[in-house]
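Spelled out from the first residue to the last, the chains are:
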Amino acid sequence: MSLVSIIMPTYNSMATVKESLDSIISQTHRPLEIITIDDCSVDGSYAFAKAYAAKNSSQEITFITLKNTTNSGAGITRNKGIEAATGTYIAFLDADDLWKPHKLETQISAMKSQDALVCYGAYEIFKTIPEKPIAIHKVFEKLTYQKLHKSNYLGNLTGIYNAAVLGKIAVPNLRKRQDWAMWLDIVKKAGFAIGIQEPIASYRLGDGLSSNKLDLVKYNYAVYKSHLGYSTIKSSWMMLRFFYEQFIVKMRMKVKAEVS
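Residues numbered from 1 in each chain as written. Predicted model: local features only at pLDDT ≥ 70, side-chain atom pairs only at ≥ 80, totals over all residues. Heavy atoms only, no water.

**Q** Looking at this structure, I do not really get helix α3 (residues 74-84). What am I missing?
**A** Note that an α-helix has 3.6 residues per turn; residues three or four places apart therefore point the same way. Taken residue by residue, α3 has Gly 75, Thr 77, Arg 78, Asn 79, Gly 81 and Ile 82 as its buried positions. Turning to α3, the residues buried within the fold contact β1 (4-10), β2 (32-38), β4 (89-92) and α7 (178-190). (Buried < 20%, exposed > 50% of the residue type's maximum accessible area, 1.4 Å probe, protein only. Helix = DSSP H or I, 4+ residues; strand = E, 2+ residues; numbered from the N terminus. Contact = heavy atoms within 4.5 Å.)

**Q** What exactly am I supposed to notice about α7 here?
**A** Here α7 contains 13 residues, and its C-alpha end-to-end distance of 18 Å stays within 8% of the 18 Å for a straight helix at 1.5 Å per residue. Taken together, the buried positions of α7 are occupied by Gln 178, Trp 180, Ala 181, Met 182, Trp 183, Leu 184, Ile 186, Val 187 and Ala 190. Note on α7: the residue one or two positions beyond its end, Gly 191, has a positive phi of about 105°. (Expected span 1.5 Å × (residues − 1).)

**Q** Help me understand the nonpolar core, please; the structure alone is not making it clear to me.
**A** Counting residues in each nonpolar core, the largest one holds 40 residues, and the members touching the most others are Val 118, Tyr 161 and Trp 183. Counting residues per element, this core draws most heavily on α7, at eight residues. Within the second largest apolar cluster, 33 residues are counted, among which are Ile 25, Ala 53, Ala 116 and Tyr 123. (Core = buried A, V, L, I, M, F, W, Y, C linked by side-chain atoms within 4.5 Å.)

**Q** Quick question: what am I supposed to make of the packing of helix α1 (residues 17-25) against helix α2 (residues 45-56) here?
**A** Pairs of packed helices are described in terms of their axes, by the angle between the two and the distance that separates them. At a minimum axis distance of 11 Å, the contact between α1 and α2 shows a crossing angle of 30°. Considering their axes alone, α1 and α2 lie roughly parallel with respect to each other. Note that α1 runs across α2; the crossing there is right-handed. Note on element contacts: α2 touches α1 through Phe 48, Tyr 52 and Asn 56, opposite Val 17, Lys 18, Leu 21, Asp 22 and Ile 25. When its residues are assigned to classes, the contact of α1 with α2 shows five nonpolar, one polar and two charged. (Axes fitted to C-alpha atoms, helices over the stretch in contact; angles between N-to-C directions. Parallel < 35°, antiparallel > 145°, perpendicular 65-115°, else oblique. Left-handed = near helix turned anticlockwise from the far one by under 90°. Nonpolar A, V, L, I, M, F, W, Y, C, P; charged D, E, K, R; others polar.)

**Q** I would appreciate a short explanation of unusual backbone geometry in the present structure.
**A** Excluding glycine, most residues fall at negative phi; most peptide bonds, likewise, are trans. Following Arg 30, the chain continues into Pro 31 via a peptide bond in cis, with omega recorded as 0°. Position of Pro 31 among the secondary structure elements: in the loop between α1 and β2. You will see that Asp 115, though not glycine, has its phi angle at about 50°, which is positive. Topologically, Asp 115 is positioned in the loop between α4 (103-113) and β6 (118-126).

These results come straight from atomic positions and should not be treated as a statement about function.
Quick look at the structure:
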């Protein structure tokens, strides 16, 4: 089977990184290349990642453990991992989120059968216990660039792309919403992304607000203005469309999880 490179940034992630790494090495797909990049943690995350790698390396699982010399943010940190990646496929997982065991196997099988270069999927949202999700974020069966352009419908923890065909695509130099900008570039080049309807990952909900309303405007506006190079008028118009997609269409795709 094809090698998959997984990019995992860490920053003061000691409380959750083991669980996230465990969800990667529990994947039914092999081989795996797990690249952790520490962004100057002060809680021992880097030392833990190195010890975890030493303990779990095998012929089917290769670890690359990197560290930034200065705190650089998510975009630069992920790009360091992308540069080091050697896999046919590249996927991403943050150090507080989780994958379902068949995540990669399901996606790669679907990509091959549907002749697709990009795949994403539904994911569960939980607060403290992954087995007790509070909601499920649904996805489109086919996600076009035009649709992704309106709002970020692609959860970074579920995305995977064929780097052997598309090439390595860097994370843009934006303070936030870099993942959306990156997937815009990837999906534009690929043509579309296919969506796995059953949850393939679990997103950990933080304690605070997901984003300040002013930041929501500022950082998403920057994707249109700075990354895509739109004029002020066009960027403002796109933000009006973004709010409709974000708060009307996208909210309908988040459903309450069934209580077992």
